Amino acid sequence: MTTQGYLSTKPIPARERLILALDVASLEEGKRWVDRLGDSVQFYKLGLQFLMTGQYFEMIDWLASQGKKVFADIKFFDVPETVRLAVEQLQRRRVDFATVHGNDAMLEAAVSAKGNLKILAVTVLTSLDRGDLDDLGFQCDPEELVLSRARRALKLGCDGVISSGLEAARLRGELGANFLVVSPGIRPVENRPSDDQKRTVDVADAFLGGADYIVVGRPIRQAPDPRAKAEEMQATIAGIFRG
Ligand code: C5P
């Protein structure tokens, strides 16, 4: 499934390819993590838990002042005009990526207001497997759904997609190299899959399959030495992109 041919050739600094999911409960805790991880992480994702701290935008500004890149993972899903207005507000902030989890009209609305912000379409959450999709009323395989959602998102002008590393190679094979693939659900072989993530791959397989970025949360935050774990992943990434 994974072939060297799908390795990303986009001019992305290797150390920015690891995105840390900062799923924590307060601004102070978030800053402590960033200080603790130091140079081992250059790109941070702020999701729903961080939004609920009430200090989401303070954290965005602080991360930017530290020279870090920011991914706002709020998964916008609403009537198109509301999505458009939300993206319009967000693109004024120092944010690099944002997510939209919607149908064509929602994606189109987000793209129309994105400015320099990159819009990533959520395809199928990495915590969902075939059985979960059945429960939601989708009679299809996760891979087929990822592919059809990605195809539409790119046609509508999204900059890329969020997809499991399991589907990255198929996306590259069918849709080409000219869009971003950001892959969460990264699990090192040793702790796979003891939590809610179901469609998981390890760091190397995600990139060899064609991911441009990976999103990692718990495998780093819950490691005995998180900075060492992040550096270990950075070394893997450096090795892959060096040679
Ligand atoms: O802790 P873990 O490594 O599972 O963190 C993955 C992060 O990526 C979480 O913040 C989760 O919200 C996010 N995410 C995901 N699957 C998607 C989109 C985002 O797991 N399709």
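This one's a predicted model, so the numbers in the text were calculated from it and none came from an experiment. (Residues numbered from 1 in each chain as written. Predicted model: local features only at pLDDT ≥ 70, side-chain atom pairs only at ≥ 80, totals over all residues. Heavy atoms only, no water.)

Draft legend 1. Expanded view of helix 11 (residues 226-242). When the terminal C-alpha atoms of helix 11 are compared, their 24 Å separation across 17 residues agrees well with the 24 Å that a helix rising 1.5 Å per residue should span. Buried within helix 11 are the following residues: Pro226, Lys229, Ala230, Met233, Gln234, Ile237 and Ile240. Taken around the axis of helix 11, the buried residues stretch over an arc of 140°, which confines them to a single face. The inward-facing, buried residues of helix 11 abut strand 1 (18-21), helix 1 (27-37), helix 9 (203-208), strand 8 (213-216) and helix 10 (218-221). (Helix = DSSP H or I, 4+ residues; strand = E, 2+ residues; numbered from the N terminus. Expected span 1.5 Å × (residues − 1). Buried < 20%, exposed > 50% of the residue type's maximum accessible area, 1.4 Å probe, protein only. Arc of directions from axis to C-beta. Contact = heavy atoms within 4.5 Å.)

Draft legend 2. Seen up close, the pattern of salt bridges. Tallied over the full model, the rule gives 18 salt bridges. As a salt-bridge pair, Arg15 and Glu231 come within 2.9 Å of each other at their nearest N and O atoms. A residue pair is termed long-range when its members are at least 10 positions apart, and Arg15 in the segment before strand 1 and Glu231 in helix 11 qualify at 216 residues. For Glu231, a relative accessible area of 29% puts it in the partly exposed group. A salt bridge links Arg92 to Glu88, with the nearest nitrogen and oxygen atoms 2.5 Å apart. A relative accessible area of 57% places Arg92 in the exposed class. One salt-bridge network, held together by shared partners, links Glu143, Glu144, Arg151, Arg170 and Glu174. (Salt bridge = Lys/Arg side-chain N within 4 Å of Asp/Glu carboxyl O.)

Draft legend 3. Up close: the packing of helix 1 against helix 11. At a minimum axis distance of 9 Å, the contact between helix 1 and helix 11 shows a crossing angle of 60°. Taken together, the axis directions place helix 1 and helix 11 in an arrangement best described as oblique. The element helix 1 and its partner helix 11 pack so that their crossing is right-handed. Listed contacts from helix 11 to Trp33, Asp35, Arg36 and Leu37 of helix 1 are Pro226, Arg227 and Ala230. Considering only residue class, the contact of helix 1 with helix 11 consists of four nonpolar, no polar and three charged. (Axes fitted to C-alpha atoms, helices over the stretch in contact; angles between N-to-C directions. Parallel < 35°, antiparallel > 145°, perpendicular 65-115°, else oblique. Left-handed = near helix turned anticlockwise from the far one by under 90°. Nonpolar A, V, L, I, M, F, W, Y, C, P; charged D, E, K, R; others polar.)

Draft legend 4. Representation of the sheet that holds strand 5 (residues 118-122) in the model. Reading around the barrel, the eight strands line up as 1-2-3-4-5-6-7-8 and close back on themselves, with parallel pairing between neighbours. Here the average twist between neighbouring strands, direction ignored, is 25°. Where strand 5 and strand 6 (residues 160-162) come together, three bridges link them in parallel fashion. Across the sheet, the residue bridging to Leu120 is Gly160, located in strand 6. Taken strand by strand, helix 11 contacts strand 1 and strand 8, and its axis lies near 155° from that of strand 1. (Pairing = 2+ DSSP bridges.)

Draft legend 5. Broad picture of unusual backbone geometry. The phi torsion at Lys75 lies on the positive side, around 50°, for a residue other than glycine. Along the chain, Lys75 turns up in strand 3 (residues 69-76). Judged by relative accessible area, which is 28%, Lys75 ranks as partly exposed.

Draft legend 6. Just the side chain of Glu16, in detail. Here Glu16 lies in the segment before strand 1. Here Glu16 falls in the buried class, since its relative accessible area comes to 19%. With residues up to four places along the chain from it excluded, the contact list for Glu16 reads Gln42, Phe43, Lys69 and Tyr213.

Purely geometric numbers; function is a separate question.
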